[in-house]
There are 2 protein chains.
Amino acid sequence: MQKSEEQKYRVRKLEISDKGKGFIELLQQLSVCDSVSDKEFEERFGELSDLGDEHVICVIEEEGSGKIIATGSVFIEKKFLRNCGKVGHIEDVVVDSSARGKHLGKRIINFLTEHARSMGCYKVILDCSVDNKPFYEKCGFHHKSLQMAIPINPIDENAESIPFSPRPYLKSKEGCTDGGKESAVV
Amino acid sequence: MQKSEEQKYRVRKLEISDKGKGFIELLQQLSVCDSVSDKEFEERFGELSDLGDEHVICVIEEEGSGKIIATGSVFIEKKFLRNCGKVGHIEDVVVDSSARGKHLGKRIINFLTEHARSMGCYKVILDCSVDNKPFYEKCGFHHKSLQMAIPINPIDENAESIPFSPRPYLKSKEGCTDGGKESAVV
């Protein structure tokens, strides 16, 4: 009897043995991740395990090959805002180049969003490119604001170093507060 | 002798006594935060304190009045990506409406960014509106991507409930991975 897609592409939490199943190689399809020793992996795995349900990484293991073909993570931010509310932050979602078109990305997003809901979050957020906005809209997300970044201790040639020299202060009175408002509420 | 702006507007970490100094009222200038009891505040303060340097909330207390007039938070995300790298997430930045134009927002951002650097983060990110992009650019940030959100258990009438009914799967093969790439790398 043929297995359902659900059985075939079950989403589960990351296990320490997944390093040997291509988890790091999968992350390399996202960004720099070229030198993680077994010891470093185990230490970081332990640090994240200590956070329990506050930081969850999920994966999909390919039947037969036992290779990790999709992953994503969500961590729970505890706020005072929104009456001591919680927000789920989704990060590091990737589907192996050989396994695209099977909707595994959506399975990962749904798993992570459901986890955030079970943790009592009032919203889940993530960042994406303009090109991928339609995908996340299909997952139920909508565009809220701009994501801004500042690189520190760059590990790739595209990143600049962080400017800590004095800079001219902001002239606009609105900037700070509204900026804060957006970085807080959205 | 007149105090310097630095002495006058010193940024420090949140203290449990700050609830009585208008910290919650300040957050109300950002978003809903209208029913936080002393017990709830102390519990959340304790939860965040347990995270130590992994989640820091800073404030500026006004001399004389002893009122909290600015705040912001940063939490450190531990990744496997970027060779077990760390990312600082800035949230909930606000300057009291009566204290704008004193560059307190920039002091808060600099404090939080410096903390992330001291924690070994390779980048710091935050979300803001298009209107506030110039302010964050002056703080050294640059626009990286779009922030997407999905509301859960809405606490205001503008929020929709999260769709958990089955949705049509994504047609595009690129969506998941590039989406993941952006939500991971940026």
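Just above sits the structure.
So, here is what we can say about the structure in this document. Quick caveat: nothing in here was measured; it's all calculated off a predicted structure. (Residues numbered from 1 in each chain as written. Chains lettered and ligands numbered in written order. Predicted model: local features only at pLDDT ≥ 70, side-chain atom pairs only at ≥ 80, totals over all residues. Heavy atoms only, no water.)

Details of the overall build of chain A
Here is the rule: Runs of H or I in DSSP of at least four residues are treated as helices and runs of E of at least two as strands, each being numbered from the N terminus. Working rule for contacts: check all heavy atoms of both residues, and any pair within 4.5 Å makes them a contact. Areas reported as accessible are Shrake-Rupley estimates using a 1.4 Å probe. Residue values count occlusion only from the protein chains shown.
Secondary structure summary: chain A contains seven helices and six strands in total. Reading chain A from its N end, one meets helices and strands in the order α-β-α-α-β-β-α-β-α-β-α-β-α. Considering only residue pairs separated by 6 or more positions, chain A has 60% of its internal contacts joining residues 24 or more positions apart. When the accessible surface of chain A is totalled, it reaches about 8,000 Å², and 48% of it is carbon and sulfur.

Notes on the environment of C128 of chain A
Residue and element names in this part refer to chain A. Selection criterion: Only protein chains enter the accessibility calculation, which uses a 1.4 Å probe. A residue is then buried if its area is under 20% of the maximum for its type, exposed if over 50%, and partly exposed in between.
With respect to the helices, strands and loops of the structure, C128 is situated in strand β5 (residues 123-128). Of the residues examined, C128 reaches a relative accessible area of 0% and is grouped as buried. Remark: the alpha-carbon pair of C128 and Q147, spanning 19 residues in sequence, is separated by 8.8 Å.

Re unusual backbone geometry
Unusually for a residue other than glycine, R82 of chain A sits at a positive phi of about 55 degrees. Its location among the elements puts R82 of chain A in helix α4 (residues 81-84). Residue R82 of chain A is classed as buried on the basis of its relative accessible area, which comes to 12%. Its identity is not glycine, yet C84 of chain B carries a phi of approximately 55 degrees, on the positive side. Of note, C84 of chain B is situated in helix α4 (residues 81-84). Classification of C84 of chain B by relative accessible area gives buried; the value is 15%.

So, the sheet that holds strand β1 (residues 11-13) of chain B
Convention followed: Strand pairing is defined by DSSP finding a minimum of two bridges between the two strands. Interaxial angles span 0 to 180 degrees and are taken between N-to-C directions of axes, which are lines fitted to C-alpha atoms, for helices over the stretch in contact.
Read across the open sheet, the twelve strands follow the order β1(A)-β2(A)-β3(A)-β4(A)-β5(A)-β6(B)-β6(A)-β5(B)-β4(B)-β3(B)-β2(B)-β1(B); overall the sheet is mixed. Lying at the two open borders of the sheet, with one neighbouring strand each, are β1 (11-13) of chain A together with β1 of chain B. Between one strand axis and the next, the sheet turns by 30 degrees as a mean value, whatever way the strands run. As defined by bridge partners, β1 of chain A adjoins strand β2 (residues 55-61) of chain A across three bridges and the pair is classed as antiparallel. Bridge pairing in β2 of chain A links K13 of chain A to C58 of chain A. Against the sheet, helix α5 (residues 104-118) of chain B contacts β6 (142-151) of chain A together with β1, β2 (55-61), β3 (68-78), β4 (86-95) and β5 (123-128) of chain B, and its axis sits at roughly 25 degrees relative to β3 of chain B.

Re the side chain of Q147 of chain B
Here is the rule: Contacts described as polar in this section are N or O atom pairs within 3.5 Å, which, within protein, must combine one atom able to donate a hydrogen with one able to accept it, while residues neighboring in sequence count only if both atoms come from side chains.
Position of Q147 of chain B among the secondary structure elements: in strand β6 (residues 142-151). A distance of 3.2 Å separates the side chain of Q147 of chain B from the side chain of D127 of chain B, its partner in a polar contact.

Quick word on helix α5 (residues 104-118) of chain A
Residue and element names in this part refer to chain A. The condition is simple: Expected span of a helix, by definition, is 1.5 Å for each gap between consecutive residues, and there is one gap fewer than residues.
Its 15 residues place the ends of α5 21 Å apart at the C-alpha level, agreeing with the 21 Å of an ideal helix rising 1.5 Å per residue. Listed in full, the buried residues belonging to α5 are L104, G105, K106, R107, I108, I109, L112, T113, H115 and A116. Looking one or two residues past α5, G120 carries a phi angle of roughly 85 degrees, positive in sign.

Here we look at the pairing of β5 of chain B
Of all six residues that make up β5 of chain B, six are buried, and the element is covered over most of its length. Burial along β5 of chain B is two-sided: the face carrying K123, I125 and D127 of chain B and the face carrying V124, L126 and C128 of chain B are both buried. Direction of pairing for β6 of chain A relative to β5 of chain B: antiparallel, over a ladder of six bridges. The residue bridging P151 of chain A from the neighbouring strand is K123 of chain B, located in β5 of chain B.

Points about the pattern of salt bridges
How we decide: Within this document, salt bridges are pairs made up of a side-chain nitrogen of Lys or Arg and a carboxyl oxygen of Asp or Glu, the two lying within 4 Å of each other.
Under the definition given, this model contains 32 salt bridges over all chains. For E77 of chain A, the salt bridge identified is with K79 of chain A, shortest N-O distance 3.1 Å. Side by side, E77 of chain A and K79 of chain A carry an identical accessibility label, which is buried. The partner of E91 of chain B in a salt bridge is K79 of chain A, and the shortest N-O contact between them spans 3.0 Å. Remark: K79 of chain A occurs in the loop between β3 (68-78) and α4 and E91 of chain B occurs in strand β4; the pair is interchain, linking two chains. You can call K79 of chain A buried: its relative accessible area is 2%. Three or more residues joined by partner-sharing salt bridges are found here, namely R12, E15, D18, K21 and E61 of chain A.

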